[in-house]
Amino acid sequence: RASSMALGWLLTGLAAAVEHRLAGEALRGLADAACEQLLSRQATGGLFPLGSGAFRKNIFQWRINARLGSFASQVYPAVGLACYSRAAGDDQALAAARRTAEALCALQGPQGQWWWIYDVATARPVVKYPVYSVHQDAMGPMALLSVALASGLSDQIPPAVFRSVAWLSGQEELPHVELIDAELGVVWRAIQRDPPQRTGEFGLGRREWLRMNLAAWTGRPDNRPFATGYVCDECRPYHLGWILAADAMAATLKTN
């Protein structure tokens, strides 16, 4: 019942062990099993759900896990499958990672935004905001560049990465706000519809949380314009680490 995000993480680490010949028979078997589990979850449109879809007594949580997927639920499986394909020469894993990358590129917002929650079956965003800065300058590029490292650059990837990063300095939602504070050395966390002090699980306030729950049953897409909103003025350490990881991937592509 591990989340798709956790399986992607696991597979990334196991792929490194396989690539550097540190994995014995048991670890290689675990890598194969993690890959198979991810492949079994991927929807036709290329996206992954939050969880396995295994039935739970909490029917609302089950429905959310089975039908909806966050942006993170796409990034980490794509990275894991791409890394595993390189380490093990697995064409099926590479094809799955490509499908996810292509789906994300097709769903990218007009200013380069990566939307937050998707209906996996229809591959449509059902809750667009928050738009997280770590998705824009790190995780989105990480997913696409991992696929490029495994299979080569496609026509979609460079412009999608450029738009992703450019959003930070040219976002139109709150144009008076600077998300990058060079003096403090931070990137503010998100632009969102809800006041940060009122957000809970998934970074959503009560109304957005209700919308997410309804979307788990109806699949209703989120076509609302961004009229007004807030900046989540915090910066988490993993964000800065993922910036370094994405930059290293880009540098590796340049030298290959």
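Our subject in this report is the structure included herewith. Everything numeric here is computed off the predicted structure, so don't read it as measured data.

## A word on the overall build of the chain
So, step 1. Check the secondary structure of the chain and you find nine helices and eight strands.
So, step 2. A compact globule built from 256 residues should have a C-alpha radius of gyration of about 18 Å, and the chain, at 18 Å, falls within 12% of that.
So, step 3. Judged by the C-alpha coordinates and their principal axes, the chain covers about 55 × 50 × 30 Å.
So, step 4. For the chain, the residues scored as buried account for 51% of the 256 residues in total.
So, step 5. Sequence-distant contacts in the chain: of pairs separated by 6 or more residues, those separated by 24 or more amount to 71%.
So, step 6. Approximately 12300 Å² of the chain is accessible, and the part contributed by carbon and sulfur atoms is 55%.
So, step 7. Across the chain, the centroid of the 24 positively charged side chains sits 9 Å from that of the 22 negatively charged ones.

## Description of the pattern of salt bridges
Between side chains of opposite charge, a pair can form when the charged atoms approach closely.
So, step 1. According to the stated counting rule, one finds nine salt bridges in the structure shown.
So, step 2. Two residues, R67 and D119, come together in a salt bridge whose shortest N-O distance is 2.7 Å. Of this pair, R67 sits in helix α3 (residues 59–67) while D119 is found in strand β2 (residues 117–119), placing the two residues 52 residues apart along the sequence. The burial state of R67 is the same as that of D119; both residues are buried.
So, step 3. The closest approach of N and O atoms between D222 and R211, which form a salt bridge, is 3.8 Å.

## What about the sheet that holds β2?
So, step 1. Across the sheet, which stays open at both edges, the three strands sit in the order β1-β2-β3 with antiparallel pairing between neighbours. Edge positions in the sheet fall to β1 (68–70) and β3 (124–127), since each of these pairs with one other strand and no more. In this sheet, adjacent strand axes meet at a mean angle of 40° when their direction is disregarded.
So, step 2. Across three bridges, β2 lies against β3 in antiparallel orientation. When the sheet's bridge partners are listed, I117 is paired in β3 with V127.

## Points about the sheet that holds strand β4 (residues 131–132)
So, step 1. Strand order in this open sheet of three strands is β4-β7-β8, and the pairing throughout is antiparallel. The open sheet terminates on both sides in strands that have one partner only, identified here as β4 and β8 (230–232).

## Description of a nonpolar patch on the surface
So, step 1. On the surface, L10, L27 and L30 cluster together into a nonpolar patch covering about 220 Å² of accessible area.
So, step 2. Take L30: it is sitting in helix α2 (residues 25–41).
So, step 3. Classification of L30 as partly exposed rests on a relative accessible area of 39%.

## Here's the deal with the packing of helix α4 (residues 72–88) against helix α5 (residues 91–107)
In a packed pair of helices, the relevant descriptors are the angle between the two axes and the axis-to-axis distance.
So, step 1. Across the interface, α4 lies against α5 with an axial gap of 8 Å and an inter-helix angle of 145°. Of the two elements, α4 crosses α5, and the hand of that crossing is left-handed. Of the residues in α5, those in contact with Q74, A78, L81, A82, Y84 and S85 of α4 are A93, L94, A96, A97, T100 and L104.
So, step 2. Counted by class, the contact of α4 with α5 contains nine nonpolar, three polar and no charged residues.

What counts, and at which threshold
- Residues numbered from 1 in each chain as written.
- Predicted model: local features only at pLDDT ≥ 70, side-chain atom pairs only at ≥ 80, totals over all residues.
- Heavy atoms only, no water.
- Helix = DSSP H or I, 4+ residues; strand = E, 2+ residues; numbered from the N terminus.
- Rg over C-alpha atoms; globule rule 2.2 N^0.38 Å.
- Buried < 20%, exposed > 50% of the residue type's maximum accessible area, 1.4 Å probe, protein only.
- Contact = heavy atoms within 4.5 Å.
- Areas by Shrake-Rupley, 256 points an atom, 1.4 Å probe, with all protein chains shown as cover.
- Lys, Arg positive; Asp, Glu negative; His and termini not counted.
- Charge placed at Lys NZ, Arg CZ, Asp CG, Glu CD.
- Salt bridge = Lys/Arg side-chain N within 4 Å of Asp/Glu carboxyl O.
- Pairing = 2+ DSSP bridges.
- Axes fitted to C-alpha atoms, helices over the stretch in contact; angles between N-to-C directions.
- Patch = residues over 30% accessible without salt bridge, like charges linked within 9 Å, V, L, I, M, F, W, Y side chains within 5 Å.
- Left-handed = near helix turned anticlockwise from the far one by under 90°.
- Nonpolar A, V, L, I, M, F, W, Y, C, P; charged D, E, K, R; others polar.

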